[in-house]
Amino acid sequence: MGRTHREIATYVIEGVNPRGCGMQPEQEASMMLMDNWRDKVLEVIGQFPWYKGLISSSETMNYSLQNLPLMTSDILETHYYSSSPDASLAVYRTSGTSTGRRKAIVYSEEDDAHYINIKTKLFGELIAGSGCTRALADMGTGHAANTALAIFERLGLVSSSIPFELPIEQHIGRIQAFKPDLLYTMPSILDHIVNAAEDPRSLGIRKIILVGEIATVEWQRNMARLFGLEPQDITDTYGSIEIGTIAYYSHDLGRYIFADGIVAEVIGTEALGEGLDPLGVGEGILVLTSAVRRLLPAIRFVTYDVVRDFRTVKIDGTEKQSFGSIVKRVGRELKHGEKISIYDIEQVVYRHLQDAMIRVQVSNNALTVYIQSRSAVPSEVPAIREEIRECIPEIGLMIRNHLLDDIEVILAAEDGKLQSGQVKNKKLYYQKDGVNDRAELNLDTGILSAIGKTPLIRLDHLFPRGGFSVYAKLELMNPGGSAKDRPALWMIREAWKEGLIGPGTVIIESSSGNMAISLAMICKYLGMSFISVVDSRTTEMNLQILRALDATIDYVACPDPETGEFLPARLKRVQQLLAEVPGSYWPNQYANPNNYLSHYHTTMKEIVAELGQVDYLFCAVSTCGTIRGLAEYVKDNGLQTRIVAVDAAGSAIFGGNQEKRRFPGLGAGIVPPFCRTDLIDHIVHVNDSDMVQGCRALARKESILAGASSGAVLAAIRQMKQQLTPGAVCAAILHDKGERYLDTVFSDSWVQSQFGQQLPPADEEFLT
């Protein structure tokens, strides 16, 4: 017999061992009695002083869980999501608040360690005895994706990953080439893999762990059949970016079991007081408390997910909290169509078509179910439509109340595209008023049409006796004067397509140079405003260009007091502006995957198309977006190109000692999120004086006026010339124009003031 949730709140989650007796932190945290959360409350107040104002200040306060306030979205938006995160912490962003502002969720090193520990333990149990030795992570860009390889490494698995944005053919190609036993992916991506693969069984996958959207039991069984697996070989995990891992599906019990460190409750809609409709019998809104999460006020966190059949079960004599299924989300910001359970619709469709891909859309008072299936026949459509109407109470009620006119079931062509062109898109689509009428963003006109397809030329006069050839990709000939035009355009385009920005949006970015100029140019052309957060290292020439493009300049005068670096200080200022400026958006060049994907899809493809085989690719690093995109293209296409990262002496990207750096756009004071050392074959550090000599040699010998990072690339080639294979073909990214460095790199007086002496002539002495 199930317990009430007040009774559930008085038992111990994990075991009966005394505290501290050889247990892991997650297990020890799980020992916390659920009827006394005083220590957890004090911990939260220490991290978030505003929480004290939500609770009683009485010395006799009852610290039982149900006496503590619910952590609703309104409270978090007021106090947490809109705060300015410390730039030294891991920050994950998502959309979905009622204000339209992107949520910032912060993880400390301790939080990340707990997250990885919990998932490592769970994954180890799930693959025990399976013989899996190779694992592939095929998913999005959030916390799960960022930690997947670390978890696999702990489990002793050979691992790799692929970004979800790539065409599905490349996903299948990576699986065929890497031959993973274990696939860690999302239901939506697995849908596409099955739909595109001739025979999923031939891929040789033994185990599948799912993350992201909840997968119905019927869907899991169908996938197991298609891959030639047993149902228990596919495990669905449930988590959130705020809490981390929450639960996993047990095929033996037919239920979701909560993970270590999680305390769960369910509440009715009336407990929130937000005017939400009552729930069905056996349903409740899931509320979670995490005993291990630190940098989130994780006491009675309201997930807004509705679960069915919440109760305890016994596993090996230990009581565990569990639920039968997740059915939908609730919330004031959700439209009526978004409250319909896509999981119930899936169950109906899978009873008729086991190989179906499904998209559901609510628009103009009509619900449309799009189905793509090899086995579907038109005669099955009426039965599916009638069963959806009769079996799902919410849909029948909406039709009777005229919130929905009716249901339409459409069989999509087998080779056609379902709603949305991305791989990661398994959700219920609701077209908000006016979205369909929103103008398509045309990026093939005017100055924007000139971005990309830059010249690739051979440097005939440099390194004449080197025994190798060097080809320069002239990214400086983009209309904005640098390689940053590509990611700037890509980020703006994708944000527009996702509905995150529009004609009146204010774009805000931290940049002391090229990215700022590229965004200013693009925003001006598209009729959007742009604010550039800069620091004292920004050259006067760059500031003049920004002003000419009508950008607003927000100046950060002092570096971050803890690190001595300007980047953390600029990022903090960006967060302040996002909170202050209505309708603002941060592209976040440091963590937006569209940064590196722009180079993946364009730059490297252009180089290979012209040169064929490239033996060495030299690229300067800062955000690591350019080199990440180039290197992933090389890896995904099986090229033998050696990737050489050119970094500034004094940069922290590859673990060096931080020192003064004179030139923006090369090096960084932190390790950027895009940095993947596993994709890099060689790292070359270049000091400032060698950058200057490289720039001047390029101007004197090749008549190319390029910026500091280009000089660094040439200096790196000089440093490595003895290691290059005879006859090697080298490609070098010349990142930006030299006109922006006339008062620094190309100024004799400036060089004298900085280096204390006149540098030697930058030709023969540089080359030898």
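Before reading further, recall that the structure is shown in the block above.
Residues numbered from 1 in each chain as written. Predicted model: local features only at pLDDT ≥ 70, side-chain atom pairs only at ≥ 80, totals over all residues. Heavy atoms only, no water.

Some points on the environment of Lys40
Okay, step 1: Secondary-structure assignment places Lys40 in helix α3 (residues 38–47).
Okay, step 2: Of the residues examined, Lys40 reaches a relative accessible area of 1% and is grouped as buried.
Okay, step 3: Once the C-alpha coordinates of Lys40 and Ser290 are considered, the two residues, 250 residues apart in sequence, prove to be 9.3 Å apart.
Okay, step 4: Of note is the side chain of Lys40, whose polar atom sits 3.1 Å from the side chain of Glu43. (Helix = DSSP H or I, 4+ residues; strand = E, 2+ residues; numbered from the N terminus. Buried < 20%, exposed > 50% of the residue type's maximum accessible area, 1.4 Å probe, protein only. Polar contact = N/O pair within 3.5 Å; in protein donor to acceptor, adjacent residues only side chain to side chain.)

Things to note about the pattern of salt bridges
Okay, step 1: Using the criterion set out here, one finds 32 salt bridges in the structure.
Okay, step 2: A salt bridge links Glu580 to Arg573; the nearest nitrogen and oxygen atoms lie 4.0 Å apart.
Okay, step 3: With a relative accessible area of 52%, Glu580 lands in the exposed category.
Okay, step 4: By relative accessible area, which is 21% here, Arg573 ends up partly exposed.
Okay, step 5: The partner of Arg676 in a salt bridge is Glu632, with the nearest N and O atoms 3.1 Å apart. A residue pair is termed long-range when its members are at least 10 positions apart, and Arg676 in the loop between β27 (642–648) and β28 (682–686) and Glu632 in helix α18 (residues 625–636) qualify at 44 residues. For the pair Arg676 and Glu632, one class covers both residues: buried.
Okay, step 6: Sharing partners across several salt bridges, the network here consists of Lys40, Glu43, Glu110 and Arg294. (Salt bridge = Lys/Arg side-chain N within 4 Å of Asp/Glu carboxyl O.)

Observations regarding the nonpolar core
Side chains of nonpolar character tend, in soluble globular proteins, to be buried together.
Okay, step 1: By size, the foremost hydrophobic cluster in this structure holds 107 residues, and its most contacted members are Tyr51, Tyr184, Ile193, Phe227, Phe258 and Val369.
Okay, step 2: For this core, the element with the most residues is helix α5 (residues 109–127), which contributes six residues.
Okay, step 3: Each residue touching Val369, except ones within four places of it in the same chain, is listed here: Ile345, Val349, Ile358, Arg359, Val360, Ile388, Glu408, Val409 and Ile410.
Okay, step 4: Residues Phe468, Ala648, Leu714 and Ile717 belong to the second largest nonpolar core, which totals 42 residues. (Core = buried A, V, L, I, M, F, W, Y, C linked by side-chain atoms within 4.5 Å. Contact = heavy atoms within 4.5 Å.)

Brief notes about the pairing of strand β9 (residues 255–258)
Okay, step 1: Where burial is concerned, the two faces of β9 agree: the one with Arg255 and Ile257 and the one with Tyr256 and Phe258 are both buried.
Okay, step 2: Both strand β8 (residues 244–250) and β9 contribute to a ladder of four bridges, which runs antiparallel. Within the sheet, the bridge partner assigned to Tyr248 lies in β9 and is Ile257.
Okay, step 3: In textbook terms, the turn of a hairpin is the stretch between consecutive antiparallel strands, and for β8 and β9 this stretch comprises four residues, one of which, Gly254, has a positive phi near 65°.
Okay, step 4: In terms of strand pairing, β9 meets strand β14 (residues 318–323) through two bridges, oriented antiparallel. Bridging from a neighbouring strand, Ile257 pairs with Ser322 of β14. (Pairing = 2+ DSSP bridges.)

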